[in-house]
Amino acid sequence: MSDTHTTHVLSLSRAEGAPLDPPPQYARLRAEAPISRISVWGGRATPWLVTRWEDARTVLASPGVSSQSSRPGFPTAREEAAALPPGYFFGQDDPVHDTFRRALTREFMVRRIEALREPTTRIFAELLDGMLAGGGPADFVEAVALPLPSLVICELLGVPYAEHEFFQSHSKVLIDTAAAAEERIAAHEALGAYLRQLVEDRRRQPADDLVSRLGAHVEAGTFSVRDAADVGAFLLFAGHETTANMIGLGVLALLAHPDQLPRLYAGKAELANAVEELLRYLTIAHTGLTRMALEDITVGDVTIRAGEGVIILLNSANRDADVFDDADTLDLARANARQHVAFGYGIHQCLGQPLARMELQIVLPEVFRRLPNLRIEPGRDVAFKQTSAAYGPSFMPVTW
Ligand code: HEM
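Cut-offs applied
- Residues numbered from 1 in each chain as written.
- Predicted model: local features only at pLDDT ≥ 70, side-chain atom pairs only at ≥ 80, totals over all residues.
- Heavy atoms only, no water.
- Helix = DSSP H or I, 4+ residues; strand = E, 2+ residues; numbered from the N terminus.
- Rg over C-alpha atoms; globule rule 2.2 N^0.38 Å.
- Buried < 20%, exposed > 50% of the residue type's maximum accessible area, 1.4 Å probe, protein only.
- Contact = heavy atoms within 4.5 Å.
- Areas by Shrake-Rupley, 256 points an atom, 1.4 Å probe, with all protein chains shown as cover.
- Lys, Arg positive; Asp, Glu negative; His and termini not counted.
- Charge placed at Lys NZ, Arg CZ, Asp CG, Glu CD.
- Axes fitted to C-alpha atoms, helices over the stretch in contact; angles between N-to-C directions.
- Parallel < 35°, antiparallel > 145°, perpendicular 65-115°, else oblique.
- Left-handed = near helix turned anticlockwise from the far one by under 90°.
- Nonpolar A, V, L, I, M, F, W, Y, C, P; charged D, E, K, R; others polar.
- Donors = N, O, S within 2.8 Å, 3.2 Å for Na, K, Ca; no water.
- Pairing = 2+ DSSP bridges.
- Near = heavy atom within 4 Å.
- Polar contact = N/O pair within 3.5 Å; in protein donor to acceptor, adjacent residues only side chain to side chain.

**Comments concerning the overall build of the protein**
Looking only at helices and strands, one finds 15 helices and 13 strands in the protein. Taken over the C-alpha trace, the protein has a radius of gyration of 21 Å; the compact-globule value for 400 residues is 21 Å, and the two agree within 12%. The C-alpha extent of the protein, read off along each of the three principal axes, is 60 × 55 × 40 Å. Looking at the protein as a whole, 53% of its 400 residues qualify as buried. Contacts in the protein between residues far apart in sequence, at least 24 positions, make up 68% of those at least 6 positions apart. Looking at the protein as shown, the accessible area adds up to about 17,700 Å², and 52% of this sits on carbon and sulfur atoms. Averaging the locations of the 38 positively and 51 negatively charged side chains of the protein gives two centres separated by 3 Å.

Here it is, written out as structure tokens:
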């Protein structure tokens, strides 16, 4: 059955003048070829491409799929992708994945995340004050969206305040696709060495923070110091650019829909729903989640054979009109916004989602409350990161 399907080339190019919408070809694929072959690595591999919400959930929830990118033929973005260390557990299968995920589950429960609300509010106010003090115009990405999540992750991990600047500056280089490869490797090594030292320090002198609790797992023999430091680096990698992009895109989407701004102030539930709808509409994980079938899996009229790769397009699934009425419209009052798959689905579903939600629920209403005249600087353009794994603005010139 698989051989009768046409092979496409995946384009991440968005339509001219529609930077917040997925590439237009996705709507056609959902209608005409919801599961099709896609050509990657210059035609050397043809994994399956899944575009509909229902099928995306079926594949992601299947116990027969692997996330382990070191498997030969796994549909990573680049053919020569290196194997990830175990602490980067989004790229591991159980039981390795489960060991790390279990060690962290409590860190993202309501009580712990609520404890980060006050620091997040304070960090955000300081960053905004800093931007305003410059008199404007300013790059909102550089001034607010990018530093906020990495400073919040400092709080989450327990990085001492005096070392925030060191952590923040290396973290910024790490996710900067324009930085030279050597610079990024150096930043990665500096952060790794820093985190290993922090784990060792907290093993000797535990505090009430995530790194101390990772240190306790090292003491108990669950994993090594190296693994614990890798988990810290992975949390930074997973939670920095993603949240930064959602903040930037969220502001842009709201600037384009000023009539919907009152929903942010209509109550706690309305604000929470507005954030869910923005997550659905903007779906920043735009290059698709990658998996490999370990057994034959039937999805719709297709059998994905054991050993075949699959790419699941979350930004297509979240615009599926079978699930979301008028799916291409931003509607902050949408009743089923929470059904989105912007955080993935199944055993690897985003662990940091309560933190991401909390940050967005603080930042978005507060930006427009403090800066009711916020706008893009006339005559200048917002620049977008087209090919990075998380879609978002790289430059956002604002005035207020
Ligand atoms: C709006 C912001 C965010 C978005 C859209 C997002 C999206 C995602 C997605 C789609 C996955 C699934 C990957 C897969 O199945 O292959 C994921 C996994 C993950 N995310 Fe997030 N994420 C965000 C913020 C965060 C934050 C703030 C953190 C923590 C600081 C975080 C930590 C993680 C972790 C640890 C995983 C791996 C879970 C596992 O494999 O079990 N994320 N995220």
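Don't stop here, the text continues.
**A few points about the packing of helix 8 (residues 164-174) against helix 9 (residues 181-204)**
In contact at an axis separation of 8 Å, helix 8 and helix 9 are set at 140° when each is read in the N-to-C sense. As summarised for this structure, helix 8 and helix 9 are arranged oblique, according to the angle between their axes. As for how helix 8 packs across helix 9, the hand of that crossing is left-handed. Along its contact with helix 8, which presents Phe166, Phe167, His170, Ser171, Val173 and Leu174, the element helix 9 presents Glu183, Arg184, Ala187, His188, Ala190, Leu191, Tyr194 and Leu195. Looking at the contact of helix 8 with helix 9 residue by residue, the class counts come to nine nonpolar, three polar and two charged.

**Some remarks on the coordination of the iron atom of the ligand**
Protein coordination of the iron atom of the ligand rests on one atom only, Cys350 (SG), at 2.3 Å. Mapped onto the secondary structure, Cys350 falls in the loop between helix 14 (314-317) and helix 15 (353-370).

**A word on the sheet that holds strand 5 (residues 138-139)**
Think of a sheet as strands paired side by side through backbone hydrogen bonds, with each pair either parallel or antiparallel. Strand order in the open sheet made by the three strands is 5-13-10, with antiparallel pairing throughout. Taken across any chain shown, the strands that pair with only one partner, and hence form the sheet edges, are strand 5 and strand 10 (375-376). Across two bridges, strand 5 lies against strand 13 (residues 397-399) in antiparallel orientation. The residue bridging Asp139 from the neighbouring strand is Pro397, located in strand 13.

**Quick word on the site of the ligand**
Not every one of the 27 residues close to the ligand is listed here, only the nearest: His97, Arg101, Arg291, His348 and Cys350. His97 is positioned with one of its side-chain polar atoms (N or O) 2.6 Å from an oxygen atom of the ligand. Between the ligand and His348 there is a distance of 2.7 Å, counted from an oxygen atom to a side-chain nitrogen or oxygen. Mapped by element, the contributors of at least two residues to the shell around the ligand are helix 3 (96-105), helix 11 (225-239), helix 12 (241-256), strand 6 (289-293) and helix 15. Ranked by residues supplied to the shell around the ligand, first place goes to helix 11 with four residues. Looking at the shell around the ligand residue by residue, the class counts come to 18 nonpolar, seven polar and two charged.

**Comments concerning the pairing of strand 6**
As defined by bridge partners, strand 4 (residues 65-66) adjoins strand 6 across two bridges and the pair is classed as antiparallel. Looking at the pairing, Ser66 lines up with Met292 of strand 6. As paired strands, strand 6 and strand 9 (residues 309-312) are joined by four bridges and run antiparallel to one another. In the sheet register, Leu289 faces strand 9, and the bridge partner there is Ile312.

**Examining the sheet that holds strand 9**
Read across the sheet, six strands follow the order 1-2-3-9-6-4 without closing on themselves; strand pairing throughout is mixed. Both edges of this open sheet fall to strand 1 (7-9) and strand 4, since each of them pairs with a single strand only. When strand 2 (residues 35-39) meets strand 3 (residues 48-50), the two strands line up antiparallel, connected through three bridges. Bridge pairing links Ile35 to Val50 in strand 3.

Shape descriptors only; they carry no functional weight alone.
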